[in-house]
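Fold and contact review
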Amino acid sequence: MPDNSNSLAELQKNNLILSEKLKEICVEKGLRVATAESLTGGLISAAIVAVPGSSDYFDRGFSVYNNQAKEDVLGVSVKTISAFTEVSGQCVQEMASGALARSRADLAVAVSGVAGPGPSGGNPAGTVWIGVCRRSQSAISRRFLFEGDRTMVREYTVFQSLSALLAMAEDLPLKNFSRL
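Computed from a prediction, not measured in an experiment: that's the story for all the values here.

**Quick notes on the packing of helix H1 (residues 8-29) against helix H6 (residues 150-169)**
- As a packed pair, H1 and H6 sit with axes 9 Å apart at the nearest point and diverge in direction by 20 degrees. By the angle between their directions, the pair H1 and H6 is classed as roughly parallel. The two elements H1 and H6 cross, and the hand of that crossing is left-handed. Side by side, H1 and H6 meet where Leu8, Leu11, Gln12, Asn14, Asn15, Leu18, Ser19, Lys21, Leu22, Ile25, Cys26 and Lys29 of the first sit next to Thr151, Met152, Glu155, Tyr156, Val158, Phe159, Leu162, Ser163, Leu165, Leu166 and Ala169 of the second.
- Counted by class, the contact of H1 with H6 contains 14 nonpolar, 6 polar and 3 charged residues.

Laid out in structure tokens, this is it:
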């Protein structure tokens, strides 16, 4: 992960580099990708489609900012949100699985969290859960705590999401991700 001293421009440049690498690997392996985004509101999808030819591997993106959308569009259980909240590993795992079930993608990433400026639901600003899933496998997730303003938290989330997708596409282990 880039350190928190990176400027917004450097972080966005790194996100573009990751998107280019992701496209290269996914096209080479014939993999398709879907995204399910809450706090980023489409920024991961935007980073992916910033690279020409992304339609060769990007299947679709779901922007599900509120809980009702998570339930209606991705099939996240009301019980999961009630028991664990929308800012949880359980929620993003269901979001990632739901994105795969509702797309032609092989890999999915899902994000939910608190971008700030202040805390929400007992979570400090910068709390982010990222979930990833490969078709026919269980979803896994990891909690992050990013520093910076709302924009930086969201861009760090894009960076980590693209990194996780790239690792999955390359069949590399995802450090500190787990099934809940």
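Further notes follow.
**Points about the nonpolar core**
- Leu22, Val33, Ile48, Val132, Leu162, Leu174 and Phe177 are the most contacted members of the largest nonpolar core, which has 37 residues in total.
- Elements supplying a minimum of two residues to this core: H1, helix H2 (43-49), strand S3 (107-113), strand S4 (127-134), strand S5 (140-145) and H6.
- Sort the elements by how many residues they give to this core and H6 lands first, with 12 residues.
- Those residues within four positions of Val132 in sequence are excluded, and the remaining contacts are Ala96, Ala108, Val109, Ala139, Ile140, Ala164, Met168, Leu174 and Phe177.
- Counting residues in hydrophobic clusters, the runner-up holds 22 residues, among them Ala34, Met95, Leu100 and Ala139.

**Brief notes about the pairing of strand S2 (residues 58-63)**
- Relative to S2, strand S1 (residues 33-37) runs parallel, the two being bridged by 5 bridges. Each bridged residue has a counterpart across the sheet, and for Ala36 the counterpart in S2 is Phe62.
- In this view, the connection linking S1 to its parallel neighbour S2 by way of H2 has right-handed handedness.

**Description of the sheet that holds S4**
- Taken together, 5 strands build an open sheet; the order of strands is S2-S1-S3-S4-S5 and the sheet is mixed. The open sheet has two free edges, formed respectively by S2 and S5, since each of these has just one partner strand. Each strand axis lies, on average, 15 degrees off the axis of its neighbour in the sheet, ignoring direction.

**With respect to the layout of surface pockets**
- In this structure, the largest pocket spans a volume of roughly 250 Å³.
- Partitioning the lining of the largest pocket into residue classes produces 5 nonpolar, 10 polar and 3 charged.

The rules behind each value
Residues numbered from 1 in each chain as written. Predicted model: local features only at pLDDT ≥ 70, side-chain atom pairs only at ≥ 80, totals over all residues. Heavy atoms only, no water. Axes fitted to C-alpha atoms, helices over the stretch in contact; angles between N-to-C directions. Helix = DSSP H or I, 4+ residues; strand = E, 2+ residues; numbered from the N terminus. Parallel < 35°, antiparallel > 145°, perpendicular 65-115°, else oblique. Left-handed = near helix turned anticlockwise from the far one by under 90°. Contact = heavy atoms within 4.5 Å. Nonpolar A, V, L, I, M, F, W, Y, C, P; charged D, E, K, R; others polar. Core = buried A, V, L, I, M, F, W, Y, C linked by side-chain atoms within 4.5 Å. Buried < 20%, exposed > 50% of the residue type's maximum accessible area, 1.4 Å probe, protein only. Pairing = 2+ DSSP bridges. Right-handed = clockwise from strand over helix to strand, strands pointing away. 1 Å grid on protein atoms, 1.4 Å probe; cavity = no way out; pocket = protein on both sides within 12 Å on 5 of 7 lines; lining within 4 Å. Points joined across faces, edges and corners; volume = space filled by probe spheres on them.

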